[in-house]
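Secondary and tertiary structure notes
Letter by letter, the chains look like this.
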Amino acid sequence: MTKYISLISGDSRNSKEHILNGLTYMLLAIVAICAILLLCDVSSRRDGFFYAKKDAVALDLSLSHTQEVLLHLQPDGEYRERNVNCTFWDCLNIYKCEHDTLKVYIYPLQEFVDEKTDKVASTLSSEYFQILEAVLHSRYYTSNPNEACLFLPSLDLLNQDVFDKQLAAAALASLDFWDRGENHLIFNMLPGSAPNYNSVLDVSIDNALVLGGGFDSWSYRAGFDISIPVWSPMLQQSGSNSANQMGAHRKYLLVVAQLNLLPQHLRSLREVAINHADKMIILGVCEDSQLNVRCTKGHHQRRVEYPRALTRGKFCFVGRSLRIGQPDLLEIMSQSCIPVVAIDNYELPFKDVIDWSLAAVRIRETELHAVLRKLESISNVKVVEMQKQVQWLYNNYFKDLKSITITALEILESRIFPLRARSSRQWNTMGKNSHATYNPLFLSSLAPKSQGFTAVILTYDRVESLFLLIQKLAVVPSLQSILVVWNNQKKMPPHLSTFPSIAKPLKIIQTRENKLSNRFYPYPEIETEAILTIDDDIIMLTTDELDFGYEVWREFPDHIVGFPSRIHVWDNATMRWHYESEWTNQISMVLTGAAFHHKYWSHMYTYAMPGKIKHWVDEHMNCEDIAMNFLVANITNNPPIKVTPRKKFKCPECTNTEMLSADLNHMRERSACIDRFAKIYGRMPLRTVEFRADPVLFRDNFPEKLKRYNDIGSL
């Protein structure tokens, strides 16, 4: 009996425990559900709670939806002036840029009105409307301010002449997400006002980023602001004239059609034009003051349509006015005319990504008297290349306000997300083939050091000196690879296993015919832009000499840079050109038996050599180096550059009978080459200079550890 009762009481206790456990689980479930709901609610309101931001609403740019905002002006000290010390690192909050792409929020259209005077802060222009519309329909736009990286006010500040500065500052400060201008974009093309005309917007914008059209080197905050062009309304009416004739076919060397030049600069240009009326024309305002026409000065004025008149010149002038930025720049580019910029401290549009040296000529304001002399030194080939570059830049980045806006946003995106950035070559190269050979006239001012050079050795059967040369080249730090061009068809080259063991790639090519031009063929095995062409018997050059020669080429990639030099002279007795190998103070050629050149010149030599020069060289087995010097000088108008003092290059192990250049008939033939090539070109393109490049300190009495190049050979 006792046992039975105890069992019943045990079951009663178990049932109570089950009930309590069940209630506990129910309470925990309720608490968990409430917590989840609370977290979801907080997450959805997080940005609004911390940042007082609004929900995403699709933007409507219809003017009928413009909101009126009343402004109560504060004392001037309440609005913080532009922070001149802003940098990318301290005035831009990149933590707002959480997405992999740039996101820009546009404020709704608002009309800011002074509550006391009913004065409107700014009126929306058609140009700024196009900018807003370009952002709205781009991949950068977001309607959600919570996910925006940058904020674009709908307040039009393009032209400082047409808005009230105080009201503009008050309007900006009243924006929902202003926060001292952090991550805000301000578009402005015409800054400053009379009488000072500052080069940046005179509005209190605090830490805002300015996309400005009139920056000079003092007002531009490098890496933070963006320099943009001043748009010309005339371009919407006239469009571009990019299909116009290029280069030498244009009538004038220089056209000056800017109306608002400073008087002292205009006087200087007129003085130049007086003596060069066939090379330069100055166009001014007509009597009826219409902007779409220009007139020549004098008793009989000739009217010409503008900007089409710019197609009459190879180069077109852009000079200083009261404002630095001028719409003339885009008007000039629209007609494929090369801008000549004579504004000393002007920050050209999109200078962070565009290499303007490829498409414009800059001249100091104090050197206007020499402007024609500088332009005449530019060859017709380079003029055409620059015109093509101008046309390409205009069509890609400047042809309308949409292109300008999207380009500016892409530059900002590349700063914030550098892994998405285009390279300088991609920004400035017309061709789409990344493996194409690039004209050295359009390289950056300094060729990349990391790429190095390819040594191309032309050889016939001097195996011993070839192997010694390969061993010496292999230890040059800037060498990337070696290509041996075996020019002997009767004898196979040594097996690769017999070649010296080196740490650099080595390739051997056996040619089909024994031609000197084989040294300049653009072999696909050459992957570098720099080529060192070198004879198999040039074994006396040191590692420092070769490395220094490459460094000089990097600074002058459109020149032939090398070691053996020669000169051409005019013989009054024979009335012919003469090849001279004696040591003089002047040089006009650098022999390609030991010289650096750009791979582009190999393409030009092989496929674009004038006349029958290449055929003549191959037939006579001579003068391929002279032909290359003629080719480069004719295109660039530049002389070659000799490096280091060394003048003796004869192989000490070789006899004179093996040295082709020792033959007297060979020397006579080289003089005949110069005379023949000059007649084919119709002029003498070779330029004589008294110049040689030597390493700094190499002759000074300094400890060797302070010198970069110690082993520089003597004569």
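Preceding this section is the structure that the text describes.
Everything numeric in this text was worked out from a predicted model, so none of it was measured.

Overview of the overall build of the protein chain
Counting its regular elements, the protein chain contains 16 helices and 24 strands. Per-residue burial for the protein chain yields a buried fraction of 52% across its 715 residues. In the protein chain, once contacts between residues fewer than 6 apart in sequence are set aside, the share between residues at least 24 apart is 77%. Carbon and sulfur atoms provide 52% of the accessible area of the protein chain, an area that totals close to 35400 Å².

Let's talk about the state of the cysteines
Considering all chains together, one arrives at five disulfides under this definition. Note on cysteine connectivity: C286 is disulfide-linked to C295, with sulfurs 2.0 Å apart. Looking down the S-S bond of the C286 and C295 bridge, the torsion is 105°, so its handedness is right-handed.

Looking at the packing of helix α13 (residues 599-607) against helix α15 (residues 624-636)
Viewed as axis vectors pointing N to C, α13 and α15 meet at an angle of 110°, and their least axial separation amounts to 11 Å. Regarding the angle of α13 to α15, the classification is roughly perpendicular. Between α13, through W601, S602, M604 and Y605, and α15, the contact on the second element is made entirely by E624, A627, M628, L631, V632, I635 and T636. Looking at side-chain class alone, the contact of α13 with α15 contains eight nonpolar, two polar and one charged residues.

Observations concerning a nonpolar patch on the surface
Together, I19, L23 and M26 line one region of the surface with nonpolar side chains, adding up to about 320 Å² of accessible area. Its location among the elements puts M26 in helix α1 (residues 2-51). Overall, the relative accessible area of 53% leaves M26 in the exposed class.

With respect to α13
The buried fraction of α13 amounts to seven of the nine residues, a majority that puts the element mostly inside the structure. When α13 is considered as a whole, its buried residues turn out to be K599, Y600, W601, S602, M604, Y605 and T606. Looking at the buried positions of α13, the neighbouring elements they touch are α8 (380-398), β18 (530-535), β23 (594-598), α14 (613-620) and α15.

Re the sheet that holds strand β20 (residues 565-571)
The strand order across the open sheet built from three strands is β21-β20-β22, with neighbouring strands paired in antiparallel fashion. The outermost strands of the open sheet, each flanked by one partner alone, are β21 (576-580) and β22 (589-590). Sheet contacts for helix α16 (residues 664-681): β20, β21 and β22; angle to β21, the most-contacted strand, approximately 135°.

A look at the side chain of D558
Of note, D558 is situated in the loop between α12 (543-555) and β19 (561-562). Despite its burial, D558 pairs with no opposite charge, the nearest such side chain being K382 at 5.3 Å. There is a polar contact of 3.2 Å between the side chain of D558 and the side chain of N638.

Things to note about α16
End to end, α16 covers 26 Å across 18 residues, agreeing with the expected 26 Å (1.5 Å per residue, within 8%). Those residues of α16 that sit buried are H666, R670, S671, C673, I674, D675, F677, A678 and Y681. Just downstream of α16, G682 is the residue with a positive phi angle, here 80°.

Some details on the packing of α8 against helix α9 (residues 401-416)
Two numbers describe how α8 lies on α9: the axes approach to 7 Å, and their chain directions differ by 80°. Here α8 is positioned roughly perpendicular relative to α9, judged by the angle of their axes. Contacts between α8 and α9 involve N396, Y397 and F398 from the first element and S403, I404 and T407 from the second. Across the contact of α8 with α9, the residue classes tally to three nonpolar, three polar and no charged.

Side note on the packing of aromatic side chains
The description of an aromatic ring pair uses the distance of the two centres, along with the angle that the planes make with each other. The tally for this structure, following the rule as stated, stands at 24 aromatic pairs. Ring centres of Y105 and F177 lie 5.8 Å apart, and the angle between their planes is 75°; on these two criteria the pair is classed as edge-to-face. Of the two residues, Y105 is situated in strand β2 (residues 104-106) and F177 in the loop between α3 (165-173) and β5 (185-188); the sequence distance between them amounts to 72 residues. Summarising the burial analysis for this pair, Y105 and F177 share the class buried. Pairing Y600 with W601 gives two aromatic rings, centres 5.1 Å apart and planes at 70°, and the pair type is edge-to-face. Here the two residues Y600 and W601 agree in accessibility, since each one is buried.

Section: the nonpolar core
Nonpolar side chains tend toward joint burial in soluble globular proteins. L254, F315, F350 and F398 are the most contacted members of the largest nonpolar core, which has 99 residues in total. Broken down by element, the residue count for this core peaks at eight residues, all from α8. Other than its neighbours up to four places away in sequence, F315 contacts L253, L254, V255, C337, I338, V340, V361, L375, I378 and V383.

What counts and how
- Residues numbered from 1 in each chain as written.
- Predicted model: local features only at pLDDT ≥ 70, side-chain atom pairs only at ≥ 80, totals over all residues.
- Heavy atoms only, no water.
- Helix = DSSP H or I, 4+ residues; strand = E, 2+ residues; numbered from the N terminus.
- Buried < 20%, exposed > 50% of the residue type's maximum accessible area, 1.4 Å probe, protein only.
- Contact = heavy atoms within 4.5 Å.
- Areas by Shrake-Rupley, 256 points an atom, 1.4 Å probe, with all protein chains shown as cover.
- Disulfide = S-S within 2.5 Å.
- Axes fitted to C-alpha atoms, helices over the stretch in contact; angles between N-to-C directions.
- Parallel < 35°, antiparallel > 145°, perpendicular 65-115°, else oblique.
- Nonpolar A, V, L, I, M, F, W, Y, C, P; charged D, E, K, R; others polar.
- Patch = residues over 30% accessible without salt bridge, like charges linked within 9 Å, V, L, I, M, F, W, Y side chains within 5 Å.
- Salt bridge = Lys/Arg side-chain N within 4 Å of Asp/Glu carboxyl O.
- Pairing = 2+ DSSP bridges.
- Lys, Arg positive; Asp, Glu negative; His and termini not counted.
- Polar contact = N/O pair within 3.5 Å; in protein donor to acceptor, adjacent residues only side chain to side chain.
- Expected span 1.5 Å × (residues − 1).
- Phe/Tyr/Trp six-rings, centres within 6.5 Å; stacked < 30°, edge-to-face > 60°.
- Core = buried A, V, L, I, M, F, W, Y, C linked by side-chain atoms within 4.5 Å.

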